[in-house]
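Coordinate analysis (summary)
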Amino acid sequence: MALNGKIAVVTGAANGIGKAMTEKLLQNGAKVTLLDVNETAGKNLMESLQKEYGQEKTLFMKCDVESEEQIKDAFHKTIETFGGMDILCNNAGILDESQWEKTVSINLVAVIRVANLALEQMSKLSGGRGGVIINTASMAGLGPLPSCPVYTATKHGVIGFTRAMGAASAASGYGVRINAICPGFVQTDLFSRIPSKLGKLSHLDDLNQQLIEKFGILTVSEVADPFFELVTDETKNGEALLVVPSRKQYVTFPGLP
Ligand SMILES: NC(=O)C1=CN([C@@H]2O[C@H](COP(=O)(O)OP(=O)(O)OC[C@H]3O[C@@H](n4cnc5c(N)ncnc54)[C@H](O)[C@@H]3O)[C@@H](O)[C@H]2O)C=CC1
Ligand SMILES: CC/C=C\C[C@H](O)C(=O)/C=C/C=C/C=C\C=C\[C@@H](O)C/C=C\CCC(=O)O
């Protein structure tokens, strides 16, 4: 899939990985709707991107992925403004073990909500033109992080949802590929805040430091490049792509007996 002229929506676009995904999409000729609860950061980024890529290439909307109404409005405004919707970057997420229900609500429930609402717009069976959904999971979706079991659970859920929904989409003829990107540690605000977000398991941050030593820390640009591959490689559906500084690999899962 060439990105030139394609229309993308990015959740959690104002900072971190979502911001890098947005820039990669714009660099390759796509138009992007940026969605984020952080209105100040989102508007500032949009103004900066419009100076670099042109007024007509970006749209920012304050949008909480926990709100079905706000997501629906954002998708309708995207289609009204740009003429369609080809790509969803289902990226918004938090890490806060002391607010575990909110973590589940944003990292898993909202990922499912946003994907389902996007499929209503993108599926060829409902008047859409197909496309691709990229869910931002994590390496914590492939193995346990003892310091943040709830976060770990949400990311495992995102991967399971991605694999099953990708198969469902193919079997149903939606024309929408669905993949997950699974980064290790990435230098962002979320990563910087971790020690204060572990709740009653904060004493286990030492384990995180050991894992950081072992796996290293990615820059957001090092996530954006493999993300671009997942978006453009039309052979990829239902895949989970692990990204750490030393390697990038498509995960193989144990098959059912
Ligand atoms: N930083 C890391 O080490 C890794 C992060 N991830 C995942 O990458 C995604 C992005 O995380 P980062 O860029 O690191 O975090 P970040 O905190 O730098 O950026 C997240 C963005 O999402 C927005 N956001 C938060 N809740 C929202 C909501 N309810 N509705 C709309 N927007 C919301 C924030 O305002 C922020 O702009 C998350 O899903 C995270 O779990 C995955 C693996 C590693
Ligand atoms: C404490 C949370 C730190 C950062 C949050 C960030 O969003 C994130 O998700 C980072 C995850 C990093 C995980 C790093 C290592 C995980 C190690 C074990 O759980 C094993 C996991 C997978 C093994 C897969 C493989 O090596 O092939």
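Residues numbered from 1 in each chain as written. Chains lettered and ligands numbered in written order. Predicted model: local features only at pLDDT ≥ 70, side-chain atom pairs only at ≥ 80, totals over all residues. Heavy atoms only, no water.

As annotated in an unreviewed UniProt entry, the chain is 15-hydroxyprostaglandin dehydrogenase [NAD(+)] from Collichthys lucidus. You can read under Sequence similarities (unreviewed entry) in the UniProt record for the chain the words "Belongs to the short-chain dehydrogenases/reductases (SDR) family." (UniProt positions renumbered as here; feature names shortened; annotations may be inferred.)

**Examining helix α8 (residues 220-232)**
In this model, α8 (13 residues) spans 19 Å end to end at C-alpha, consistent with the 18 Å of a helix rising 1.5 Å per residue. Listing the buried residues of α8 in full gives Val223, Ala224, Pro226, Phe227, Leu230, Val231 and Thr232. (Helix = DSSP H or I, 4+ residues; strand = E, 2+ residues; numbered from the N terminus. Expected span 1.5 Å × (residues − 1). Buried < 20%, exposed > 50% of the residue type's maximum accessible area, 1.4 Å probe, protein only.)

**Remarks on the side chain of serine 123**
Turning to its location among the elements, serine 123 is positioned in the loop between α4 (100-122) and β5 (131-136). There is a polar contact of 3.0 Å between the side chain of serine 123 and the backbone nitrogen of leucine 125. (Polar contact = N/O pair within 3.5 Å; in protein donor to acceptor, adjacent residues only side chain to side chain.)

**Observations regarding the layout of surface pockets**
One water molecule sets the probe size; rolling that probe over the atoms shows where empty space is left. Approximately 1200 Å³ is the volume attributed to the largest pocket. Lining the largest pocket are 50 residues, and of these Gly93, Ile94, Leu95, Tyr151 and Leu190 lie nearest its centre. Of all elements in the fold, only α1 (16-27), β2 (31-36), α4, α5 (149-172), β7 (185-186), α6 (189-193) and α7 (205-215) reach the threshold of two or more residues within the lining of the largest pocket. Among the elements that make up the lining of the largest pocket, the one with the highest residue count is α6 (four residues). (1 Å grid on protein atoms, 1.4 Å probe; cavity = no way out; pocket = protein on both sides within 12 Å on 5 of 7 lines; lining within 4 Å. Points joined across faces, edges and corners; volume = space filled by probe spheres on them.)

**Quick look at the pairing of strand β6 (residues 176-183)**
For β6, the tally of buried residues reaches eight of eight residues, placing the bulk of the element in the interior. Both faces of β6 are covered, namely the face carrying Val176, Ile178, Ala180 and Cys182 and the face carrying Arg177, Asn179, Ile181 and Pro183. For the segment spanning β5, α5 and β6, crossover handedness is right-handed. Pairing of β6 with strand β9 (residues 240-244), which is carried by four bridges, proceeds in the parallel orientation. Note that in β9 the partner of isoleucine 181 across the bridge is leucine 241. (Right-handed = clockwise from strand over helix to strand, strands pointing away. Pairing = 2+ DSSP bridges.)

**Some thoughts on the site of ligand 1**
Taken together, 28 residues lie near ligand 1, and Asp36, Asn91, Tyr151, Val186 and Thr188 sit nearest. At a threshold of 2 Å from the grid points, most atoms of ligand 1 map onto the largest pocket. Residue assignment for the shell around ligand 1 shows that the elements contributing at least two residues are α1, α5, β7 and α6. At three residues, α6 tops the list of elements feeding residues into the shell around ligand 1. A class-by-class count of the residues in the shell around ligand 1 yields 13 nonpolar, 10 polar and five charged. (Near = heavy atom within 4 Å. Sits in = over half its atoms within 2 Å of the grid points. Nonpolar A, V, L, I, M, F, W, Y, C, P; charged D, E, K, R; others polar.)

**Regarding the packing of α4 against α5**
The geometry of α4 relative to α5 is characterised by a closest axis approach of 8 Å and an angle of 15 degrees between their N-to-C directions. Compared by their axis directions, α4 and α5 come out roughly parallel. Once α4 is placed against α5, the crossing between them reads as right-handed. Contacts between α4 and α5 involve Trp100, Thr103, Val104, Asn107, Leu108, Val111, Ile112, Ala115, Asn116 and Leu119 on the former and, on the latter, Val150, Tyr151, Thr154, Lys155, Gly157, Val158, Phe161 and Met165. When grouped by side-chain class, the residues that make up the contact of α4 with α5 number 12 nonpolar, five polar and one charged. (Axes fitted to C-alpha atoms, helices over the stretch in contact; angles between N-to-C directions. Parallel < 35°, antiparallel > 145°, perpendicular 65-115°, else oblique. Left-handed = near helix turned anticlockwise from the far one by under 90°. Contact = heavy atoms within 4.5 Å.)

**What about the environment of glycine 131?**
Mapping glycine 131 onto the fold places it in strand β5. When the C-alpha atoms of glycine 131 and glutamate 234 are compared, they prove to be 9.3 Å apart, with 103 residues separating the residues in sequence. If we ignore the near neighbours within four places in the chain, the residues touching glycine 131 are Met1, Asp86, Met122, Gly175, Val176 and Arg177.

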